[in-house]
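# Working through the structure, step by step
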Amino acid sequence: MSSAPEVLFVCVHNAGRSQMAAALLHHHAAGAVTVRSAGSAPAAEINPAVIEAMAEIGLDLSYEFPKPLTTEGVQSADVVITMGCGDACPVFPGKRYLDWELEDPAGKTLGQIRPIRDDINTRVKALLTELVPPSM
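As the structure is a prediction and not an experimental result, all values here were calculated from the model. (Residues numbered from 1 in each chain as written. Predicted model: local features only at pLDDT ≥ 70, side-chain atom pairs only at ≥ 80, totals over all residues. Heavy atoms only, no water.)

## Remarks on the overall build of the protein
Heads up, the rule is: Secondary structure elements follow DSSP: runs of H or I no shorter than four residues count as helices, runs of E no shorter than two count as strands, and numbering proceeds from the N terminus. The globule rule is 2.2 Å times the number of residues to the power 0.38, and the radius of gyration it is compared with is taken over C-alpha atoms. The buried label goes to any residue with under 20% of its type's maximum accessible area, the exposed label to any with over 50%, and the partly exposed label to all in between, with areas taken from a 1.4 Å probe on protein chains only. Residue-level accessible areas treat just the shown protein chains as cover; the underlying method is Shrake-Rupley with a 1.4 Å probe. None of His or the chain ends enter the tally, which takes Lys and Arg as positive and Asp and Glu as negative. Charge positions are represented by NZ for Lys, CZ for Arg, CG for Asp and CD for Glu.
Looking only at helices and strands, one finds 4 helices and 4 strands in the protein. Its C-alpha atoms give the protein a radius of gyration of 14 Å, within 12% of the compact-globule value 14 Å for 136 residues. Counting the 136 residues in the protein, one finds 43% classified as buried. By element, 54% of the accessible surface of the protein is carried by carbon and sulfur atoms, the whole surface being about 7,100 Å². Mean positive and mean negative side-chain charge positions of the protein (10 and 16 charges, respectively) differ by 3 Å.

This is the structure in structure tokens:
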């Protein structure tokens, strides 16, 4: 029995970029990928403007919360995608690491967050086709 690939999205506060990426991949993968997110220095709550930006496209982040990055979380992931957490993410041999340079939505307006969300969505869709190629 093969298991679903596991992806971990990491940013500093786990309150914006990584939460959007996790929600988008979870949505598009429809169970074909295990998705988690974490932060190297988690915030107290998810950015309200990020919650609003995701609600615009039908994804509810109101129940989510920032989670701390753990060594175990990185070890269990097949792909670790960092988004501006620098050297805070532990590195283990055999893992695939990607660094997505994305603007931090902290302090941004809804209008400024939409392009970040859309960029993440494009990247997530491309990643998904690599992890789970479309069936013929």
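Back to the text.
## Thoughts on the side chain of Asn 47
Condition: Any pair of nitrogen or oxygen atoms within 3.5 Å is treated as a polar contact; in protein, a donor-acceptor pairing is required on top of that, and neighbouring residues in sequence qualify only through side-chain atoms on both sides.
Take Asn 47: it is sitting in the loop between β2 (34-39) and α2 (48-55). Given a relative accessible area of 16%, Asn 47 falls into the buried group. A distance of 2.8 Å separates a polar side-chain atom of Asn 47 from the backbone nitrogen of Ala 49.

## Considering the nonpolar core
Put simply, the test is: Nonpolar cores were defined as sets of buried Ala, Val, Leu, Ile, Met, Phe, Trp, Tyr and Cys residues, with membership established by side-chain atoms within 4.5 Å. Any two residues having at least one pair of non-hydrogen atoms within 4.5 Å are treated as being in contact.
Ranked by internal contacts, the top residues of the largest apolar core, which has 32 residues, are Val 7, Phe 9 and Leu 25. Breaking this core down by element, the ones donating at least two residues are β1 (6-11), α1 (17-29), α2, β3 (79-82) and α4 (110-131). Sort the elements by how many residues they give to this core and α4 lands first, with 8 residues. For Leu 25, the residues in contact, after removing those within four places along its chain, are Val 7, Phe 9, Val 33, Val 35, Val 124, Leu 127 and Leu 128. The next biggest cluster of nonpolar side chains, apart from the first, holds 7 residues, and it includes Leu 8, Ala 38, Leu 69 and Val 74.

## Focus on the layout of surface pockets
Note the following rule: In this analysis a 1.4 Å probe is tested at points of a 1 Å grid over the protein atoms alone, and where it fits but cannot get out there is a cavity; an open set with protein on both sides within 12 Å along at least five of seven lines is a pocket; lining residues have an atom within 4 Å of a point. Grid points are joined across faces, edges and corners, and a volume is the space filled by probe spheres set on the points. Residues are sorted three ways: Asp, Glu, Lys and Arg are charged, Ala, Val, Leu, Ile, Met, Phe, Trp, Tyr, Cys and Pro are nonpolar, and all the rest, Gly among them, are polar.
Volume-wise, the largest pocket comes out at about 280 Å³. Around the largest pocket, the lining is made up of 20 residues, and of these Ala 22, Val 35, Arg 36, Ser 37 and Glu 64 lie nearest the centre. Looking at the lining of the largest pocket, the elements with two or more residues in it are α1 and β2. At 5 residues, the largest contribution of residues to the lining of the largest pocket is made by α1. Per-class residue counts for the lining of the largest pocket are 10 nonpolar, 6 polar and 4 charged.

## Comments concerning the confidence of the model for the protein
Formally: Values of pLDDT, ranging from 0 to 100, describe the predictor's confidence in every residue of the model.
Model confidence for the protein is summarised by a mean pLDDT of 91, while 93% of its residues fall at 70 or above. α2 holds the highest mean pLDDT among the elements of the protein, 98, whereas helix α3 (residues 71-76) holds the lowest, 90.

## Thoughts on unusual backbone geometry
A positive phi is found at Asn 14, a non-glycine position, where the angle reads about 50°. Inspection of the secondary structure assignment puts Asn 14 in the loop between β1 and α1. A relative accessible area of 0% means that Asn 14 is categorised as buried. A positive phi angle, close to 50°, is found at Ala 30, a residue other than glycine.

## Some thoughts on the sheet that holds β2
What counts here: Two strands form a pair only when DSSP identifies at least two bridges running between them. Axes here mean lines fitted to C-alpha atoms, for a helix over just the part in contact, with angles spanning 0 to 180 degrees between N-to-C directions.
An order of β2-β1-β3-β4 is seen for the 4 strands of this open sheet, with the pairing classed as parallel. Only two strands of the sheet have a single neighbouring strand rather than two, namely β2 and β4 (96-99). If you compare each strand with its neighbour and ignore which way they point, the axes differ by 20° on average. When β1 meets β3, the two strands line up parallel, connected through 4 bridges. Within β3, the residue paired with Val 10 across the bridge is Thr 82. The sheet contacts of α4 involve β1, β3 and β4, and relative to β1 the element is tilted by about 150°.

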